[in-house]
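Listed below, chain by chain, are the residues.
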Amino acid sequence: MRLSALCRLGWAAAGPRAGRPWSALQSAGPPRRRRTASARGPSQELPARGSAAREIIQSSKKVLASLQKGHPTFKPTLAIVQATEEDLVQEINQNFAEEIGLHVIHICLPQGSSEDEIVGEILRLNEDPMVHGVALHLSEHAYNSEVLNAVKPEKDVDGVSDVNLGRLVRGDTYNCSVSPIAGAVMELLEKLADETLDGKKVLLIGACGPLEASLQCLLQRKGAMTMSCQWKTHQLQSKLHQADVVLVGSIKPKEIPVSWIRPETTIVNCYPDFLSGKSGYGQDLKCSKQAVIEAIGPLTIAMRMQNMVKTSERWIQSQQYRKWNLHCLKLQPLSPVPSDIEISRGQSPKAVDVLAKEIGLLADEIEIYGQTKAKVRLSLLERLKDQPDGKYVLVAGMTPTPLGEGKSTVTIGLVQALTAHLNVNSFACLRQPSQGPTFGVKGGAAGGGYAQVIPMEEFNLHLTGDIHAITAANNLLAAAIDARILHEGTQSDKALYNRLVPVVNGVREFSSIQLARLKRVGINRTNPNSLTTEEISKFVRLDIDPSTITWQRVLDTNDRFLRKITIGQADTEKGFFRQAQFDIAVASEIMAILALTTSQTDMKERLGKMVVANDRNGHPVTAEDLGVTGALAVLMKDAIKPTLMQTLEGTPVFVHAGPFANIAHGNSSVLADKIALKLVGEGGFVVTEAGFGADIGMEKFFNIKCRASGLVPSVVVLVATVRALKMHGGGPNVTAGAPLKKEYTEENLQLVADGCCNLQKQIQIAQLFGVPVVVALNVFKTDSHAEVDLVCDIAKQAGAFDAVPCNHWSAGGRGAVELAQAVRKAARQEISFKYLYNLELPITEKIRIIAQKVYGADDIELSPAAESQISRYSQQGFGNLPICMAKTHLSLSHQPERKGVPTGFILPINDVRASIGAGFIYPLVGTMSTMPGLPTRPCFYDIDLDPLTEQVKGLF
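All of the points below concern the structure found in this document.

Let's shift gears to the pattern of salt bridges. Enumeration according to the criterion identifies 37 salt bridges in this entry. Residues Glu-457 and Arg-345 are paired through a salt bridge, measuring 3.5 Å at the closest nitrogen-oxygen approach. Within this pair, whereas Glu-457 is found in helix 16 (residues 456–460), its partner Arg-345 is found in helix 11 (residues 340–346), the two being separated by 112 residues in sequence. Residue Glu-457 is classed as buried on the basis of its relative accessible area, which comes to 16%. On the accessibility criterion, Arg-345 (30% relative accessible area) is partly exposed. We note a salt bridge from Arg-383 to Glu-365, for which the minimum N-O separation is 2.5 Å. Within this pair, whereas Arg-383 is found in helix 13 (residues 379–383), its partner Glu-365 is found in the loop between helix 12 (352–358) and strand 10 (366–369), the two being separated by 18 residues in sequence. Both residues of the pair, Arg-383 and Glu-365, count as buried. Each of Glu-367, Arg-377, Lys-637, Asp-638 and Lys-641 takes part in a single network of salt bridges with overlapping partners.

Spelled out as structure tokens, the structure:
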């Protein structure tokens, strides 16, 4: 056997030092300093052509170039955390990276950095989406389990984490990074022409940790017999004499004579100090006949860069759309059907991180709130921007009874049927319920029976705090309005200016939002000391007319005594009192903005545009004028992310936004729909719900939400019940909380037939927009077969694509399979979607079109106040916004008692208001309460908490 001692690092093989020395990157200041080295710059000569390092560099360069052809914006970045003295290793890292086309960031920590400081830096890099690989260059004592396992496995290019070592042991080499030192050792041993490792005895001496484990695994795969020991091991001489190959993992003590090693033995030095070019080990571990095939140092760095390229390749693959691997939950429906909360509690939901992984979400795309819900980050939209959307389905309804007809239940039953029973990817997108109805009269909004979102108590109570965030943002803006009126009324221009633009540490400067205001009012100055007296007055005076304030405070509780209040009565407010009111939190314009926004940037722009009042010259005053836009965006930064939950059968649900369906558009968020459409993929379905009847919720969905999102539904599912049809056919009044009259519990075909006029009208409304309609008849146990058949026949005769009975409330998804099949068929139809009106039309004409074509009114009648507001909004440049009608949901007309299909009426428009940030004008048809009141016996009488189990009781 030829003698070969691979025992000299020989940095000279890498050529002369070039470029900026590593010492220039060391930080002499703060404990941490981040320096970025460009991927292009002075290049250091690489090892001689034909060497193993050169081959690896060239191969990695080709692989990366191929990756970047398909992903031209991808810039793989390696972060190297260093907490040691300067050396040449970082120079080689940088130069090899430049050659391949990688970007390198050096994180310089002081040499004595603590474990917590190192781990903290690693964790920060783990969460940085611009960093794709992390390598460590630390002192020997710093390499402990806590530090090594802090590196996220998918970013661990040095193969030091337990996860990567475990994958290597299992043979999963594609999904793991192998220690670059171990890889370099194996490369060198295999390059020896007359060496074969099969049957050879290899001794690992002084090695430990990831390096020892990696070498043993790789060597044994090549057929070698491995031994491992430390320098102080008993019988070391005997082990050295047996070895054909010795791998030295630490400095040889001087008391160990070289004569213990046989002359024919191949020796490879691979310990950290050796790789750093520090030959403190002495010169005695040399053989008389050296055959240095290649320096292991440069080869190790080349292997690290190869790992980085492989990591980049895996990262790109992880960003691609993933097929769902959803495991649905089994249902065992009981009869009679238990209460909603008993059903919810009887099912064991999947952990939300498991659900997220099943539907293709990445670990860094979710923010977990407890065990069963998580926020989903908007970065997913960028990752899947090239993924085709699924089909978009809207669930609307006929004009409902005060009890509601089950749109949410149908929505959930439909997605359970599609996914759990037809194996079709589907997502439900629902509104977040207000706690006003939850504790008032209506109850929760998680669906019902065996078609609901679970856990239903978490769905109905707080969820992830979005409504609280809206309440905080809304009330901050309200406080800013009144505070500004007070301060302007009690201070001179000079005093206001000095407080608004104070001198801090001898410097006076405008904030960014103040610079924007200067620009809006036509002042082209950036130096606070250069404004004239007139410009100062123009800048500081909003001059709000208190009588025009439209921004109210909000509270997520039904509190009728806050419908009209007087504020500012304390002596400290100096007589600046006025009448005001509270609205329910979901009536806030910020909620409407949340539902319609498409990004953080878009949301901030919309928040800034919100008009809160007029000044005394009739000009609009906005949140941006008050300087509060940035603060509002901060309060809303988490609320903008949809919340992921699941149905009883384990299918995914997004719960996001819940705008008041009377004065706003009453739909869940655009963002939830967009993200869900990407996740279900081509052939999948996203089912979302519109508030109230099709004349309100669906019309607003098409004319407002679809304009904001650019999305077009493939199908409308129109929910009907025999109960509601009987009411429209002339049945007695239906009152929440009161028992149903016998007309509703006994068969009555005539009442059903007479009431179908309302269903027919709602089908016609959907057809105005060119979208096929499937009628879902939500069947109750009191409905007869004859009544069900009659409704389905009449609906199909009226132009519905199909009409099917649904039993999802009592049977879960299995009870909505026929509906799901009908929806799939309808979604294959070509649609000719169109909006009801052009935005360029005058405000009055757009209102008239809705009144006549949707409600069936003969005409509209504007009050003087409405006419005045329309004129003002048109003059202010808001005339091209869509219309969001605020009228009763209990009738097609403005009169709740008029059922069926009223005709011959004039629709009165009492007032017209604007949500400029949300982007719509809302006319008020009649008196519209924005703060519900509690009934005599609210739902909270039945709600309780078990103090031992902390289980909620009585929700429905």
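From this point, the narrative continues.
With respect to the helices and strands, the residue Leu-596 is situated in helix 21 (residues 589–596). The exposure class of Leu-596 is buried, given its relative accessible area of 1%. Each C-alpha atom, one on Leu-596 and one on Arg-707, is 9.6 Å from the other, the two residues being 111 residues apart in sequence. If near-sequence neighbours (up to four positions away) are discounted, Leu-596 is found in contact with Asp-602, Arg-606, His-665, Val-670, Ile-704, Lys-705, Ala-708, Ala-918 and Phe-920.

So, about the environment of Arg-848. Mapped onto the elements of the fold, Arg-848 is located in helix 32 (residues 843–855). Given the relative accessible area of 22%, Arg-848 is considered partly exposed. When the C-alpha atoms of Arg-848 and Ile-860 are compared, they prove to be 6.0 Å apart, with 12 residues separating the residues in sequence. Filtering out sequence-adjacent residues up to four positions away, Arg-848 remains in contact with Asp-859 and Ile-860.

Another point: the packing of aromatic side chains. Inspection of the entire model under this criterion finds 12 aromatic pairs. The interplanar angle of 85° and the centroid separation of 6.0 Å between the aromatic rings of Tyr-497 and Phe-539 together place this pair among those described as edge-to-face. Taken together, the residues span a long stretch of sequence, with Tyr-497 in helix 18 (residues 493–500) and Phe-539 in helix 20 (residues 533–540) at a distance of 42 residues. Like Tyr-497, the residue Phe-539 is buried in the burial classification. Ring plane angle 75° and centroid distance 5.8 Å describe the contact between Phe-701 and Phe-702, whose orientation is recorded as edge-to-face. With respect to class, Phe-701 is no different from Phe-702; both count as buried. The aromatic ring of Tyr-835 is capped on one face by Arg-707, whose charged end is 4.1 Å from the ring centroid. Lys-887 extends its terminal NZ or CZ atom over the ring of Tyr-855, reaching a point 4.7 Å from the ring centre.

Reading the values: the criteria
- Numbers given for residues are sequential positions, taken from 1 along each chain in its written order.
- Confidence filtering applies because this is a predicted model: local features only for residues at pLDDT of at least 70, side-chain atom pairs given and counted only at 80 or more, and all residues used for totals across whole chains, interfaces and linings.
- For side-chain calculations, the full set of non-hydrogen atoms in the structure is used, while hydrogens and water are omitted.
- Any carboxyl oxygen of Asp or Glu within 4 Å of a side-chain nitrogen of Lys or Arg constitutes a salt bridge here.
- Each helix corresponds to a stretch of at least 4 residues labelled H or I by DSSP, and each strand to a stretch of at least 2 residues labelled E; elements are numbered beginning at the N terminus.
- Buried means the residue's accessible area, taken with a 1.4 Å probe over protein chains only, is under 20% of the maximum for its type, while exposed means over 50%, and partly exposed covers the values in between.
- Whether two residues are in contact is decided by their heavy atoms: any pair within 4.5 Å suffices.
- When the centres of two rings from Phe, Tyr and Trp lie within 6.5 Å, Trp using its six-membered ring, the rings pair. Their planes under 30 degrees apart give stacked, over 60 give edge-to-face, and anything left gives tilted.
- The rule is short: NZ of Lys or CZ of Arg within 6 Å of the ring centre and within 35 degrees of the ring normal puts a charge over the ring.

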